[in-house]
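Structural description and commentary
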Amino acid sequence: MSKLVLVTGGAGYIGSHTLVALQEAGFDAVVIDNLCNSSEVALQRVETITGKPVRFYRGGVGDRVLLDQIFAENAICAVIHFAGLKAVGESSQKPLEYYQNNVAGSLVLLEAMRASGVKRLVFSSSATVYGSEAPVPYVETLQTGSTSNPYGTSKWMVEQVLRDAANADPELSIALLRYFNPVGAHPSGLIGEDPQGIPNNLLPYIAQVAVGKREELSVFGGDYPTPDGTCLRDYLHVVDLALGHVRALEWLADHTGAEAFNLGTGQGTSVLEIVRAFERASGESIPFQVAPRRAGDLPAFWADASRAARELGWVASLGLDEMMADTWRWQSENPHGYRAVDEEG
Ligand code: NAD
Ligand code: UFG
């Protein structure tokens, strides 16, 4: 059996960390990425970390001709599908782009897999599929839906497509990995999250304040029904998350059907707790002010991650201090991300 995995979106934040985990676990990787939100430098850095080559095809997952070429040229045993657009706010402004990339792109990928006889797929889903009505902690048996933006809906739709595809083809084996809030970076400081423009997410924003690129953090909402009034999320280290993909690939080898797994730590942490933990790890102070709530934010959610522990043999092992220290190392050693200079102007 080949150990060659096609990684869509492999130059991105989670994809690049997963490439390292795959290669360290004895898999080889081929990447397709259109670099719409990433840099080829990330792939070079992965090669530096592991000392192994990554074969790269630049292009979109909606390009059936390119996908057919990739499957013809490589004996691929499984696909990990990260490629997609992920900015929640932007998805409401550009819904067609989100459905085209995330939903239509996944359909083309599935058709190409069917044509080439590849039966195993790991899909990047999100805790957002549980929607606004779900009780916490989120458990996989909850009904999904009630998503509140096109990004979330696109993830939910792809999950339905994959379940239907698995029902129709009993040889298909699919893991729907529902990530909670991935943060941190590889401990080498060579790869990490490199958002373009103003970061939407908490940790990249804090890291840019710490490095002097932004003046202060706006804490969105201080009057939530939580212990300190700020939202609770389940932050997990991206290196743990990457290992979850390796465990899922191993699970695919002796299961069929489409099954969902939460990947989180099972613990909620508030925005203010994150600010304090980052200050501890970096030795920098993070000026902040409490600002109005951000539209669409839920007060608190975290994972019931027991299914992944039971069935995949995966548990998050890295704590908040490692998440913060590794974010800080990446940001301070690469203040402009993968670019040599600040290109924001
Ligand atoms: P990212 O933007 O860093 O990585 C996505 C990669 O896909 C990028 O390299 C981008 O260039 C590429 N890409 C986008 N559209 C493409 C297309 N049509 N064809 C080929 N390549 C394309 O994002 P990430 O944080 O690494 O997220 C990876 C996946 O995990 C995404 O599907 C995202 O929705 C999902 N996810 C992320 C989070 C999170 O908080 N980061 C949470 C839940 C789920
Ligand atoms: N926050 C701030 N200030 C900021 C940025 C964020 O206070 O500048 C707060 C948010 O209000 C929220 C928390 O920090 O309370 C976390 O916000 P993020 O934007 O980092 O993460 P979200 O939980 O909103 O969203 C993440 C992913 C989505 C995914 C969702 C559920 O970005 O893709 O988790 O899995 F859908």
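Residues numbered from 1 in each chain as written. Chains lettered and ligands numbered in written order. Predicted model: local features only at pLDDT ≥ 70, side-chain atom pairs only at ≥ 80, totals over all residues. Heavy atoms only, no water.

Its place among the elements puts Ile274 in helix α9 (residues 271-282). Separated by 68 residues in the primary sequence, Ile274 and Ile206 have C-alpha atoms spaced 9.1 Å apart. If sequence neighbours within four positions are ignored, Ile274 has contacts with Leu202, Leu203, Ile206, Tyr235, Thr269, Leu320 and Met324. (Helix = DSSP H or I, 4+ residues; strand = E, 2+ residues; numbered from the N terminus. Contact = heavy atoms within 4.5 Å.)

Here we take up the site of ligand 1. Taken together, 27 residues lie around ligand 1, and Asp33, Asn37, Ser38, Asn101 and Tyr151 are the ones closest in. Contact distances for ligand 1 include 2.8 Å between an oxygen atom and a backbone N or O atom of Ile14. In the model, an oxygen atom of ligand 1 is placed 2.6 Å from a nitrogen or oxygen of the Ser38 side chain. Calculation on ligand 1 without its partners gives an accessible area of 830 Å², and the protein chains cover 94% of this total. At the level of elements, α1 (13-24), β5 (120-126) and α6 (150-168) are the ones that each hand at least two residues to the shell around ligand 1. Sorting elements by how many residues they give to the shell around ligand 1 places β5 first, with 3 residues. When its residues are assigned to classes, the shell around ligand 1 shows 12 nonpolar, 12 polar and 3 charged. (Near = heavy atom within 4 Å. Polar contact = N/O pair within 3.5 Å; in protein donor to acceptor, adjacent residues only side chain to side chain. Areas by Shrake-Rupley, 256 points an atom, 1.4 Å probe, with all protein chains shown as cover. Nonpolar A, V, L, I, M, F, W, Y, C, P; charged D, E, K, R; others polar.)

What follows concerns the packing of aromatic side chains. Scanning the entire structure with this criterion turns up 7 aromatic pairs. Plain terms: the ring middles of Tyr138 and Phe180 are 6.1 Å apart, the flat faces sit at 50° to each other, and that makes the pair tilted. Placement of the pair is Tyr138 in the loop between β5 and α6 and Phe180 in the loop between β6 (173-179) and β7 (181-183), with a sequence separation of 42 residues. Phe180 matches Tyr138 in its accessibility class, with the two residues each being buried. On the basis of an interplanar angle of 10° and a centroid distance of 5.3 Å, the ring pair of Tyr138 and Phe301 is categorised as stacked. Placement of the pair is Tyr138 in the loop between β5 and α6 and Phe301 in the loop between β13 (288-291) and α10 (306-312), with a sequence separation of 163 residues. Overall, the relative accessible area of 11% leaves Phe301 in the buried class. Aromatic rings pair up to connect Tyr130, Tyr138, Phe180 and Phe301 into one cluster. Its guanidinium or amino end placed over the ring of Phe27, Lys3 lies 4.3 Å from that ring's centre, counting from NZ or CZ. Cation over ring: Arg293 sits above Tyr224, and NZ or CZ is 4.0 Å from the ring centre. (Phe/Tyr/Trp six-rings, centres within 6.5 Å; stacked < 30°, edge-to-face > 60°. Buried < 20%, exposed > 50% of the residue type's maximum accessible area, 1.4 Å probe, protein only. Lys NZ or Arg CZ within 6 Å of the ring centre and 35° of its normal.)

Looking now at the site of ligand 2. Every one of the 21 residues lining ligand 2 counts as a neighbour, but Ser218, Phe220, Arg233, Arg294 and Asp297 are closest to it. In the environment of ligand 2, an oxygen atom lies 2.8 Å from a nitrogen or oxygen atom belonging to the side chain of Arg294. Contacts to ligand 2 include Asp297, whose side-chain N or O atom sits 2.6 Å from an oxygen atom. Here ligand 2 loses 90% of its free accessible area of 690 Å² to cover by the protein chains. Among the elements that line the shell around ligand 2, the one with the most residues is strand β8 (residues 217-220), at 4 residues.

A separate point is α6. Helix length check: α6, at 19 residues, gives a terminal C-alpha distance of 27 Å against a target of 27 Å (1.5 Å per residue), a fit within 8%. When we look at burial in α6, the residues that qualify are Pro150, Tyr151, Gly152, Thr153, Ser154, Lys155, Val158, Glu159, Leu162 and Ala166. Turning to α6, the residues buried within the fold contact α4 (88-93), α5 (95-116), β5, β6 and β11 (257-263). (Expected span 1.5 Å × (residues − 1).)

A separate point is the pattern of salt bridges. Tallying each qualifying case throughout the model produces 15 salt bridges. The partner of Glu73 in a salt bridge is Arg55, with the nearest N and O atoms 3.4 Å apart. You can see Glu73 sitting in helix α3 (residues 64-73) and its partner Arg55 sitting in strand β3 (residues 55-58), a full 18 residues away along the chain. As a salt-bridge pair, Arg293 and Asp223 come within 3.0 Å of each other at their nearest N and O atoms. Here Asp223 lies in the loop between β8 and β9 (232-233) and Arg293 lies in the loop between β13 and α10, a separation of 70 residues in the sequence. Given a relative accessible area of 46%, Arg293 falls into the partly exposed group. For Asp223, a relative accessible area of 53% gives the class exposed. Shared partners join several salt bridges into a network, and the residues in it are Lys119, Asp169 and Glu171. (Salt bridge = Lys/Arg side-chain N within 4 Å of Asp/Glu carboxyl O.)

Contact geometry of α5 with α6 gives a least axis separation of 9 Å together with a crossing angle of 20°. By the angle between their axes, α5 is roughly parallel relative to α6. Crossing hand, α5 versus α6: right-handed. Listed contacts from α6 to Pro95, Tyr98, Tyr99, Asn102, Val103, Ser106, Leu107 and Leu110 of α5 are Pro150, Tyr151, Thr153, Ser154, Met157, Val158, Val161 and Leu162. Along the lines of polarity and charge, the residues of the contact of α5 with α6 split into 12 nonpolar, 4 polar and no charged. (Axes fitted to C-alpha atoms, helices over the stretch in contact; angles between N-to-C directions. Parallel < 35°, antiparallel > 145°, perpendicular 65-115°, else oblique. Left-handed = near helix turned anticlockwise from the far one by under 90°.)

What follows is about helix α11 (residues 320-333). Counted at 1.5 Å a residue, the expected span for α11 with its 14 residues is 20 Å, and the 20 Å between its end C-alpha atoms agrees. All of the buried residues in α11 are Met323, Met324, Asp326, Thr327, Trp328, Trp330 and Gln331. Residues of α11 that are buried make contact with α2 (41-50), β7, α7 (202-210), β10 (235-237) and α9.

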